[in-house]
Every structure is written in structure tokens, then in C-alpha cells.
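Chain and residue survey
Each chain is listed here by its residues.
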There are 2 protein chains.
Amino acid sequence: MPENLEGAKNRFIHSWGEMGPQWGINRTMAQLHALLMVSEKPLSTDDVMEDLGISRGNANMNLRSLVDWGVVRRAFVKGDRKEYFQSEKDVWNMFCRIARERKKREIEPVLETMQECLALAERDKASTHFRERVGELLDLVKTLDYVLGKIAQQEKNAVLPRILKLLT
Amino acid sequence: MPENLEGAKNRFIHSWGEMGPQWGINRTMAQLHALLMVSEKPLSTDDVMEDLGISRGNANMNLRSLVDWGVVRRAFVKGDRKEYFQSEKDVWNMFCRIARERKKREIEPVLETMQECLALAERDKASTHFRERVGELLDLVKTLDYVLGKIAQQEKNAVLPRILKLLT
DNA sequence: TGATAGTTTCAGAATATATTGAAATGCTGG
DNA sequence: CCAGCATTTCAATATATTCTGAAACTATCA
């Protein structure tokens, strides 16, 4: 591999890894995702251990997480008993899968809780302010959640261009 | 304060605090934000230390972060030398400020880096796959960044209803 | 200007999170 | 069914992050 290409890959993997924690994803998982995104071939657990210099346990756990998130698939290489992994190739699909998972795991549960908090606070004078605030927040998060869900269902070309046009 | 209101507030604060780390924000900062959102009056550093059971240093640092993010303002109570803090009241404004900060702090830098990675990988055959992948990712992130920026500039009623209609 | 109340800083401590590596388990072909 | 390789698990460890609290600093008042 040309030296500059290797440098570019490493820089990309490192940068993607830094971004992870800022969005609540652990560094290694993000690096692993970046590595698989730019890898031409599926990689085995041993490959990623070697490339990122991490342990088998760590590699295994984070590969599984990526599979659970639906952005990486298990792949089979004929004549080899090892499991291989390859990233979803289409970036729009990748985005949709991440959006749907975050919606399900992180947005919907908090919506539930907010609704419970509202129910818990009786409709008396003392609760007015609390109910207003949480109510408005709930409305906004619900709307954003709905919009995200809709967008993540569509073909890229079906929705982004129209939103772009709307915003001009 | 009625017991059920207090319970509802605590539940809300706790739940908002849990959500923080999932999105790359520390628990205390998220709790502090929740506390200020549902508080009728501005609160002093001592108030939040008391309410959340945290140290002065911790309270000070996280209050400052919230001010830096633009979702909390310093407030002055006449006849009192203490500084008080109050949350931005309007949830849409809050959303816009967070969106703009994340864009500036977390999206734009990674866009820069990705562009550098592309520049670093020469235009030869060996780099084709890498350039395609990073290129497509860059395009999508750029578009989402642009959309987020536009939305976060608008009045709530100017944009959300139109997007909702588009998605029906 | 000195006394007092308020705010910030930051080294060390506490806590939470991520990682390792070896043992246990699971699989597959012969 | 067993030998050999692959995968998973998890207790111990390492690392990263957050938090504390007291000292340093700042602002205000008399």
C-alpha cells in the first residue's frame, strides 16, 4: 500500500475515533467502524486486532456492537473457517440505520419518561411551570423524533433534495 | 413543594442526566441543565450544589459550560451579590443553540480532517476505493451539516411545519 | 484600604469506562 | 466423538473522566 494512502487511512481512522466519544460512542468502536468503512475486503477479528493494536476481547465486543447497530455485517470467505466482517457500503443506509437505532434506544425511552413525569405532576397550580416546560420540551423532542424516523425510512434522493430546496 | 411535583422534577432531572453520556455530554452538566429548565427562579451556585449534592468546583465548571453552550444565562438578583443562573426558556432557541455549537465544535472540524485525508491520498488506482468511501461520507456529512445549520437559523414555525408536510 | 463575600482554579482522589488475556465454550471436519 | 481452531465471556487491570475541596483570586462595601 502506498505510504500516503496508509497515512490517509490512519488519519481518517484516528479522526473518526476521536469523534466517537463526542457523540456517546466509544473510541475503539468508532475506529473499528472507520477501518471497516475504508477496507476493500472483509476483515477477520485477527486482522482488526493487528491493524488497531487491540486485544481479542475488545475486538470481539466492538465488532459485535457494530453488527448490533446494523452498520457492519458478518461475511464468509470460502475455504476459511474464520468469521469476517464488512461495513455497510452505502452511506445513506448507514445513516438510516444509526438514526433508527438511536431513535429506538435513546430517544423513545426518554420520551416515555418525560410523559411519566408529566403524569406524575398533578394538575395543580404549583405544577404549572414544570408542566409547561416539560410539555414544550416533550413536544419538540416528539416532533424531531418523528421527523428523524420519517427521513430514515426514505431513499436518499426522495427526501434530502426536497428538504434542501425548502431551505433555500 | 408538593411531594409529587418534587418526585416528578427529580425523575426528570435524573432521566435527562442519564441521556447526557449517550450523546457525549457529562451527566452532571445534563442534570444541571434539567434542573435549571424546570426551576421557576434563577439559581445560585449554592442552590445547585444543594439540589444536586455536588461540590462547588463541579457546579462552577458545569454552569460555565452551560453558559458557554449558550443554553444558560447569568442573571442578577437585586440586593444580592451572588451570581444566579437561569435556563433559556424557549425550547426551540435551546435546540438551535445546541445545534449551532455542535456544528461548530464537532462537525466542522471532522469535515476539515476528511478533506485533508482526501487530499493526502493521491489520485492513483490504489486509492480509488478509499477516495470513494471517504468522498461519499464527506458529501453526506456536508449536506446534513448544511441542513442542520439552516434549520437552526430559522424560527420554529417557519421550518418544522413545512418539513412535516413534506414528509406526510 | 482592609474586611468580607463570592468565584475560580487545579492537584489529588474517586469513580466510571474501556481493555486485556486466559479460561470456557462452541463449532466443524474427519 | 474427539481434535483443533474460532469465538465468547468475564474477573482483574488499566485508563480516562469526573469530582472534590481548599487555596488563590476577585469584587464590593464601609
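As a reminder, the structure under discussion sits directly above these lines.
Below you will find a few notes about this structure. Note that the structure is predicted; figures quoted are calculated from it, not measured.

Quick look at the protein's contact with DNA strand C
T28(A), S55(A), N60(B), R64(B) and E83(B) are the nearest of the 16 residues found near DNA strand C. For DNA strand C, the backbone makes up 68% of the atoms found within 4 Å of the protein, where backbone means sugar plus phosphate. Between DNA strand C and the protein, one listed contact pairs a phosphate oxygen with a side-chain N or O atom of N60(B) at 2.4 Å. R64(B) has a polar side-chain atom sitting 2.6 Å from a phosphate oxygen of DNA strand C.

Re the environment of S127(B)
Relative to the elements of secondary structure, S127(B) occurs in the loop between α5 (91-120) and α6 (128-151). When the C-alpha positions of S127(B) and T168(B) are compared, they lie 42 Å apart, and in sequence the two are 41 residues distant. With residues up to four places along the chain from it excluded, the contact list for S127(B) reads L5(A), A121(B) and E122(B). Of the polar contacts made by the side chain of S127(B), one reaches the backbone oxygen of E122(B); its length is 3.1 Å.

What about the side chain of S39(A)?
Its place among the elements puts S39(A) in the loop between α2 (27-38) and β1 (43-44). On the accessibility criterion, S39(A) (9% relative accessible area) is buried. Within the structure, S39(A) has its side chain in polar contact with the backbone oxygen of K41(A) (distance 2.6 Å). With near-sequence residues (within four places) excluded, S39(A) lies in contact with K89(A) and H129(B).

Here we look at the packing of aromatic side chains
Summed over all chains, the structure comprises six aromatic pairs over all chains. Ring centres 5.1 Å apart and planes at 35° place the aromatic pair W92(A) and F95(A) in the tilted group. With W92(A) and F95(A) both in helix α5 (residues 91-120) and three residues apart, this pair spans about one turn of that helix. A residue is classified by how much of its surface remains accessible, and W92(A), at 5% relative accessible area, is buried. An aromatic cluster of at least three residues, connected via ring pairs, comprises F12(A), W16(A) and F130(B). The ring centre of W23(A) lies 4.2 Å from the NZ or CZ of R102(B), which sits over that ring. Positioned above the aromatic ring of W69(B), the side-chain terminus of R105(B) is 4.3 Å from the ring centre.

As for a negative patch on the surface
A cluster of acidic residues, D90(A), E155(A), E132(B), E136(B) and D139(B), forms a negative patch on the protein surface. Its location among the elements puts D139(B) in helix α6. Taking the relative accessible area as the measure of exposure, D139(B) reaches 45% and is therefore partly exposed.

Here we look at the sheet that holds strand β1 (residues 43-44) of chain B
Residues and elements named next belong to chain B. Read across the open sheet, the three strands follow the order β1-β3-β2; overall the sheet is antiparallel. Each having just a single partner strand, β1 and β2 (72-76) make up the two edges of the open sheet. Taken together, the two bridges between β1 and strand β3 (residues 83-87) define a ladder with antiparallel strand orientation. Within β3, the residue paired with L43 across the bridge is F85.

A short note on the protein's contact with DNA strand D
In the region of DNA strand D, 17 residues are neighbours, and N60(A), R64(A), E83(A), T28(B) and S55(B) sit closest. A breakdown of the atoms of DNA strand D within 4 Å of the protein gives sugar and phosphate a share of 60%. In the environment of DNA strand D, a phosphate oxygen lies 2.7 Å from a nitrogen or oxygen atom belonging to the side chain of R64(A). In the environment of DNA strand D, a phosphate oxygen lies 2.7 Å from a nitrogen or oxygen atom belonging to the backbone of S55(B). Secondary structure elements with two or more residues in the surface near DNA strand D: α4 (56-69) of chain A together with α4 (56-69) of chain B. Per-element tally for the surface near DNA strand D: the top contributor is α4(A), with four residues. Taken together, the residues of the surface near DNA strand D break down into one nonpolar, nine polar and seven charged.

Quick word on the interface of chain A and chain B
Counting from both sides, the interface comprises 62 residues of chain A and, opposite them, 62 residues of chain B. Here chain A packs against chain B, burying approximately 5800 Å² in sum over the two surfaces, 71% of which is carbon and sulfur. When the buried area of chain A at its contact with chain B is split by residue, R133(A), L166(A) and L167(A) rank highest and sum to 12% of it. Here chain A and chain B share two salt bridges between them. Two residues, R11(B) and E116(A), come together in a salt bridge whose shortest N-O distance is 2.0 Å. Where chain A packs against chain B, one counts 12 residue pairs in polar contact (both at pLDDT 80 or more). Taken together, the elements giving at least two residues each to the side of chain A that touches chain B come down to α1 (3-22), α2, α5, α6 (128-151) and α7 (156-167) of chain A. A class-by-class count of the residues in the side of chain A that touches chain B yields 36 nonpolar, 12 polar and 14 charged.

What counts and what doesn't
Residues numbered from 1 in each chain as written. Chains lettered and ligands numbered in written order. Predicted model: local features only at pLDDT ≥ 70, side-chain atom pairs only at ≥ 80, totals over all residues. Heavy atoms only, no water. Near = heavy atom within 4 Å. Polar contact = N/O pair within 3.5 Å; in protein donor to acceptor, adjacent residues only side chain to side chain. Helix = DSSP H or I, 4+ residues; strand = E, 2+ residues; numbered from the N terminus. Contact = heavy atoms within 4.5 Å. Buried < 20%, exposed > 50% of the residue type's maximum accessible area, 1.4 Å probe, protein only. Phe/Tyr/Trp six-rings, centres within 6.5 Å; stacked < 30°, edge-to-face > 60°. Lys NZ or Arg CZ within 6 Å of the ring centre and 35° of its normal. Patch = residues over 30% accessible without salt bridge, like charges linked within 9 Å, V, L, I, M, F, W, Y side chains within 5 Å. Areas by Shrake-Rupley, 256 points an atom, 1.4 Å probe, with all protein chains shown as cover. Salt bridge = Lys/Arg side-chain N within 4 Å of Asp/Glu carboxyl O. Lys, Arg positive; Asp, Glu negative; His and termini not counted. Charge placed at Lys NZ, Arg CZ, Asp CG, Glu CD. Pairing = 2+ DSSP bridges. Nonpolar A, V, L, I, M, F, W, Y, C, P; charged D, E, K, R; others polar. Buried area = accessible area lost by both parts, 1.4 Å probe.

Bear in mind that shape data such as this cannot, by itself, settle questions of function.
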